[in-house]
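# What the coordinates show
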Amino acid sequence: MAKTVASNQPRPASFAHPVAWIRQLTRLQPAKWNWSRSTRAALGMGIPLAIGTLSGNLGVYLWVAMGFLLQMGGERDNPYHILFQRMLITTPLSLLGILLGYLSYLPWEVVILCFTVLAFISAILSSYNSALSIGTMQMLMMGTVAVGNPAINHYWHVALLAFTGIVFYAALLGLEALILRHRPEDQASENLLRALASLALHRAKKQPIEQDEQQITTNLNTLYTLMFHTRSLSQGRNLGSEHTAAVLQRFDSLFASIVGCADSTQLNAIATTLEQAATAYASKSKHIPVVNETPGCNASLNKDANELFQTLWQRSSTLPDNSITATQPAAKRKQLAAILGELSPGREVLLAAAALALCTFIAYALRWKDDYSHWYWIPMTVILVMKPDMGSVFSRSMLRSIGTSFGVIIGGVILYFVSPGPLFVIIMAALAFVLPWASQRSYAMMSLIITPLVLVLIDYVSPEKNGVNYALLRFEDTLLGGAIALVFGYLLWPKTNHRQLYQNFQQIRLALAHYLHATLPQPNTSEQQNQLHSARHAAYGQIANIRTNLQKQLSDPPPASQEALSWFPLISSAARMANSITTYSINNTGNLSTHDLQYLQKLADLIAHGTPADFPKEAWQSDTPGSAEDQLLRAAMNELQHVNGMVDIRPASTTNETTTA
């Protein structure tokens, strides 16, 4: 049976034909065109360049465009207030990077030491949150550009110009927020409706549902983030966060009902209704969808759908006082030791920081060998590729090399054939317009678009460089930087992540056990329901996260890809276990005997901490054959037997030990 499951899992591209490996590595992600973001990107790039061209001060306004590009390139799908909060962190760091240009007056040994230490600290800070990750990367990049262009001289003046570009970015972002009044929770809710419809349809057809669960988890995380950010910015009661919390719980309840239903007719009907509801919600229709009462396996399915529609179409300003409220964490005064404990980096973070520091040291030291004006593209490539929180170093090195290969062709053509003028502005604005979409498709496509943008901007900032020749030298240095990252940031370090995968899988086991405990006995009070929803979200979230990380590693060479592949059957088994618990949470009648309660509590302990020695020699039998408890026990015990108990996953020195499960 293990062979059957393994055959349905992704295959490591590194073992396949080279063409298949390239296809896996360069696979494009689905992406929707964000017209408002693309328009802002084009305006932010085109307007400064147009003013610079008309005024004859193009060199000055290029830095304004560069400041805008810093913020635009790091923008992600977040609410407007979160984007503004992120700017408060990234802006000082990026401007500090420009001021690091003053280090160029010091001996080069001191410069190398400073940037090596900064790289180490930046890698650690990147592990705390995404804003620090983007900000520290921009700091290292702009510091490298500043040190690599000593002719700039007045770094404070350049920092001021870049700050002007950042202010321009904030102005356009604020204008968009006022005009569109786009609410990210609306987009996430629409996506969830469509993902639930797809889930119901695939369950009706007995098709795989992993991708649907992944989409649902991602959009639920978006709503959770919105709820907590809104709540943290408010004093006292906040109707917006309360409404989001209510929507979250309605979505979670409907998700559980769909997973717990096996009636194909009812699942097909609810899938059609959810698609229609998503279309109506997106078009701002005032008509609230209603699910017709139909006989089926789960009487609560239609009820949960109708309650979701009522809550979604209900404005937060009219939310009643007895609505579901977000759990507010108790305010606690943290001791200094506790804070330091939370901020202390783990072993994996320190290893990644050491690898980035080593590669940065080598890249900067190469200036003694390569003292041309383009040398700094080597450390810039290292910084972009080696960011430890941005996925596989191997994949990013390959993808950046591929994207840069074509990007320098575009940049070289612009530098050789296009002079400053209207056509130049239009081309640069067009590239900026495509950048947000390309960033979602793949890292290679992002590199393809951003390479000519940066190449042209810096070439015009430093006009003594020769266009096409400079583009070719930039390509050579990018390949050299990628080679440094591969050799000194990847090949010299442990290439298996067994310890980290083991720890992540242990978190999944604990989350599943907590989820099962939350269903015992049947939750009746509002507080118990909140705990059940939180436990379900945590369990599916842990599974989705590790599945995403494993997918990224499949394009790596052995043994990393082989190890990632060996974990997929276990993660799939954990997902089926979560679905079994979800089904039980829906079908649980509350009539739980003491004997069955003890069995389910033992099952939770076995999932969380058990070993093969703890596995029962005889199957556990429910007091009521055919009951929800009996179905859960049978499904869970079969699943545990299928993966050798799913409890013998321990740190190992080789990948062979993981595949025995």
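Residues numbered from 1 in each chain as written. Predicted model: local features only at pLDDT ≥ 70, side-chain atom pairs only at ≥ 80, totals over all residues. Heavy atoms only, no water.

### Concerning the overall build of the chain
As a reminder of what qualifies: A run of H or I in DSSP becomes a helix once it reaches four residues, and a run of E becomes a strand once it reaches two; helices and strands are each numbered from the N terminus. Partly exposed residues are those whose accessible area sits between 20% and 50% of the maximum for their type, while under 20% is buried and over 50% is exposed, using a 1.4 Å probe and protein chains only. Whether two residues touch is decided by their heavy atoms; if any such pair falls within 4.5 Å, the residues are in contact. Working definition of accessibility: Shrake-Rupley area with a 1.4 Å probe, residue cover restricted to the visible protein chains.
From N to C terminus, the chain includes 26 helices and zero strands. When each of the 661 residues of the chain is scored for burial, the buried share is 52%. Restricting the contact set of the chain to residue pairs at least 6 apart, pairs at least 24 apart contribute 80%. Element-wise, carbon and sulfur atoms account for 60% of the exposed surface of the chain, whose accessible area totals about 30,000 Å².

### A look at the nonpolar core
Worth spelling out the cut-off: We call a set of buried Ala, Val, Leu, Ile, Met, Phe, Trp, Tyr and Cys residues a nonpolar core when their side-chain atoms join them within 4.5 Å.
If you look at the biggest cluster of nonpolar residues, it comprises 91 residues, and the most contacted ones within it are M45, L49, F424 and L457. Sort the elements by how many residues they give to this core and helix α19 (residues 443-461) lands first, with twelve residues. Residues within four places of L457 in sequence aside, it is in contact with M45, L49, L62, A65, M66, L69 and M428. Ranked by size, the runner-up nonpolar core spans 80 residues in total, among them L199, F309, Y502 and W567.

### Describing the packing of helix α3 (residues 35-55) against helix α8 (residues 155-180)
As a reminder, the rule being used: What counts as an axis is a line fitted to C-alpha atoms, over the stretch in contact for a helix, and the angles between N-to-C directions run from 0 to 180 degrees. Should the near helix be turned counterclockwise from the far one by less than a right angle, the crossing is left-handed, whereas a clockwise turn marks it as right-handed. Under the scheme applied here, ten amino acids are nonpolar (Ala, Val, Leu, Ile, Met, Phe, Trp, Tyr, Cys and Pro), four are charged (Asp, Glu, Lys and Arg), and all others, including Gly, are polar.
Packing of α3 against α8 leaves a shortest axis separation of 10 Å and a crossing angle of 145°. For the pair α3 and α8, the sense of crossing is right-handed. On α8, the residues that touch S36, R37, R40, L43, G44, I47 and P48 of α3 are F168, Y169, L172, L173, E176 and L180. In terms of residue class, the contact of α3 with α8 is made up of eight nonpolar, two polar and three charged.

### Quick notes on the pattern of salt bridges
Worth spelling out the cut-off: In what follows, salt bridge is the name for a side-chain nitrogen of Lys or Arg lying within 4 Å of a carboxyl oxygen of Asp or Glu.
Summed over the entire model, instances satisfying the criterion amount to nine salt bridges. When the shortest N-O distance is used, the salt bridge between E190 and R194 registers 3.3 Å. Of the two residues, E190 and R194 are both situated in helix α9 (residues 184-204); the distance of four residues between them amounts to about one turn of the helix. In this structure E190 comes out as buried when scored by relative accessible area, which is 12%. Residues K303 and E307 are paired through a salt bridge, measuring 3.0 Å at the closest nitrogen-oxygen approach.

### Structural notes on the packing of aromatic side chains
To keep it simple, the criterion reads: For Phe, Tyr and Trp, rings pair up if their centres lie within 6.5 Å, where Trp contributes its six-membered ring, and each pair is then called stacked (planes under 30 degrees apart), edge-to-face (over 60) or tilted (otherwise).
Evaluated as defined, the whole model comprises 17 aromatic pairs. Ring geometry for W108 versus W375: centroids 5.3 Å apart, planes at 90°, classification edge-to-face. In this pair, W108 is assigned in helix α6 (residues 108-126) and W375 in the loop between α15 (347-365) and α16 (377-386), connecting sequence segments 267 residues apart. Owing to a relative accessible area of 4%, W375 belongs among the buried residues under this scheme.

### Some remarks on a nonpolar patch on the surface
Counted only if it meets this: Two distance rules govern patches: like charges are joined within 9 Å, and nonpolar side chains (Val, Leu, Ile, Met, Phe, Trp, Tyr) within 5 Å, applied only to residues with over 30% relative accessible area and no salt bridge.
A cluster of nonpolar side chains, contributed by L96, L99, Y102, Y105, W156, L160, F163 and V167, occupies part of the molecular surface with about 780 Å² of accessible area. Within the residue set of the nonpolar patch, elements represented by two or more residues are α5 (80-99) and α8. It is α8 that contributes the most residues to the nonpolar patch, four residues altogether. Take Y105: it is sitting in the loop between α5 and α6. Judged by relative accessible area, which is 56%, Y105 ranks as exposed.

### Observations concerning the environment of Q249
Turning to its location among the elements, Q249 is positioned in helix α11 (residues 239-259). In sequence terms Q249 and S534 are 285 residues apart; their C-alpha atoms lie 9.0 Å from each other.

### Some words on the packing of helix α4 (residues 58-73) against α8
Angle between the axes and distance between the axes: these two values describe a pair of packed helices. Rules: To sort the angles, those under 35 degrees are grouped as roughly parallel, those over 145 as roughly antiparallel, those from 65 to 115 as roughly perpendicular, and the leftovers as oblique.
Across the interface, α4 lies against α8 with an axial gap of 7 Å and an inter-helix angle of 50°. Viewed along their axes, α4 and α8 adopt a mutual orientation that is oblique. In this structure, α4 meets α8 at a crossing whose hand is right-handed. Contact residues: V60, W63, V64, G67, F68, Q71 and M72 in α4; V158, L161, A162, T164, G165, I166, F168, Y169 and L172 in α8. In the contact of α4 with α8, the residues fall into twelve nonpolar, four polar and no charged.

### Focus on α16
Of all ten residues in α16, ten are buried; the element is thus mostly enclosed. Every buried residue belonging to α16 is among W377, I378, P379, M380, T381, V382, I383, L384, V385 and M386, and all of these are buried.

### Remarks on the side chain of Q138
Relative to the helices and strands, Q138 is located in helix α7 (residues 130-148). What Q138 contacts, discounting residues up to four positions off in sequence, is L70, Q71, T90 and S94.

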